[in-house]
Amino acid sequence: MTHPDTLPDQVARICAAHAGREGPLLPILHDVQASFGHVPAGAVPVIAEALNLTRAEVHGVMSFYHDFRDAPAGRHVVKICRSEACQAVGADASIAAAEAALGVPMGGTTADGAVTLEPVYCLGLCACGPAALVDGEVVGRVDAARAEAIVKGLRA
Ligand code: FES
């Protein structure tokens, strides 16, 4: 009888695929997130053990790089740039407008699972800030009114 392929089994296989390579943690985290849509809590101890790291070290890397999420994302993902050039032209107001329209803080997902709001740090669109990434598409000049319209549109 074969036993079901458990989450730790799948994560262990991803870790094994990167064995021996230099700096395996980031590629492993990317592959885990690609497989599960996020990095599940149960993956962290498996990764830590495979790489001889503490769980805190794995968590530390996950929170340092803003690419990784520890919970599934909503159906739509809106990332608003928090880097300097966008901040100088009002990104904070855009973020506040999006948060208010969705009723969730940065990093949150609406209760209906429609939209996840996340920060991003420079999209290479600094001349057209505030910049955002809406379901993978770069959008410029996302002022507060536009931020509100975008997230409301995604929920409609
Ligand atoms: S600082 Fe926002 S796109 Fe570069």
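Residues numbered from 1 in each chain as written. Predicted model: local features only at pLDDT ≥ 70, side-chain atom pairs only at ≥ 80, totals over all residues. Heavy atoms only, no water.

Looking now at the environment of Asp9. Looking at the secondary structure, you find Asp9 in helix α1 (residues 7-17). Overall, the relative accessible area of 28% leaves Asp9 in the partly exposed class. For Asp9 and Ala43, which are 34 residues apart along the polypeptide, the C-alpha to C-alpha distance reads 9.5 Å. (Helix = DSSP H or I, 4+ residues; strand = E, 2+ residues; numbered from the N terminus. Buried < 20%, exposed > 50% of the residue type's maximum accessible area, 1.4 Å probe, protein only.)

This paragraph deals with the pairing of strand β1 (residues 76-81). The side chains of a regular strand alternate, residue by residue, between the two faces of the sheet. Summarising burial for β1: five of the six residues are buried, a large majority. Note: β1 against strand β2 (residues 115-120), six bridges, orientation parallel. For Val78, the partnering residue across the bridge sits in β2 and is Leu117. With three bridges joining them, β1 and strand β3 (residues 132-134) adopt antiparallel strand pairing. Counted as the bridge partner of Ile80 is Ala132 from β3. (Pairing = 2+ DSSP bridges.)

Take a probe with the size of a water molecule and roll it over the atoms, and the empty space left behind shows itself. Roughly 350 Å³ of volume is contained in the largest pocket. The wall of the largest pocket is formed by 16 residues, among which Phe68, Arg69, Asp70, Gly107 and Glu118 lie closest to the centre. Breaking the lining of the largest pocket down by element, the ones donating at least two residues are α4 (55-64) and β2. Residue composition of the lining of the largest pocket, by class: seven nonpolar, six polar and three charged. Three or more residues apiece are contributed to the lining of the largest pocket by two domains, here domain 1 (7-64) and domain 2 (76-155). (1 Å grid on protein atoms, 1.4 Å probe; cavity = no way out; pocket = protein on both sides within 12 Å on 5 of 7 lines; lining within 4 Å. Points joined across faces, edges and corners; volume = space filled by probe spheres on them. Nonpolar A, V, L, I, M, F, W, Y, C, P; charged D, E, K, R; others polar. Domains from an automatic or database assignment.)

Attention shifts here to the domain arrangement of the protein. Taken as a whole, the protein is organised into domain 1 (7-64) and domain 2 (76-155). Domain 1 and domain 2 are separated by 28 Å when their C-alpha centres are compared.

Counting residues in hydrophobic clusters, the biggest one holds 18 residues, and the most contacted among them are Val78, Ile80 and Leu117. Counting residues per element, the ones that place at least two in this core are β1, α6 (91-102), β2, β3 and α7 (144-155). For this core, the element with the highest residue contribution is α7, accounting for four residues. Those residues in contact with Val78, other than ones at most four positions away along the chain, are Val115, Thr116, Leu117, Glu118, Leu133, Val134, Val151 and Leu154. Ile14, Cys15, Ile28 and Val39 belong to the second largest nonpolar core, which has 16 residues in total. (Core = buried A, V, L, I, M, F, W, Y, C linked by side-chain atoms within 4.5 Å. Contact = heavy atoms within 4.5 Å.)

Below, the discussion takes up α1. Looking only at α1, the buried set comprises Val11, Ile14 and Cys15. Seen end-on, α1 carries its buried residues on one side only, within an arc spanning 100°. In α1, those exposed residues whose orientation departs by more than 90 degrees from the buried face are Ala16 and Ala17. Along its buried surface, α1 packs onto α2 (25-36) and α3 (43-51). (Arc of directions from axis to C-beta.)

In this section: the packing of α1 against α2. For the pair α1 and α2, the least separation of the axes is 9 Å and the interaxial angle reads 140°. Here α2 runs oblique to α1, going by the angle between their axes. With respect to the hand of their crossing, α1 and α2 are arranged in right-handed fashion. Mapping the contact onto sequence places Leu7, Gln10, Val11, Ile14 and Cys15 in α1 and Ile28, Asp31, Val32, Ser35 and Phe36 in α2. When its residues are assigned to classes, the contact of α1 with α2 shows seven nonpolar, two polar and one charged. (Axes fitted to C-alpha atoms, helices over the stretch in contact; angles between N-to-C directions. Parallel < 35°, antiparallel > 145°, perpendicular 65-115°, else oblique. Left-handed = near helix turned anticlockwise from the far one by under 90°.)

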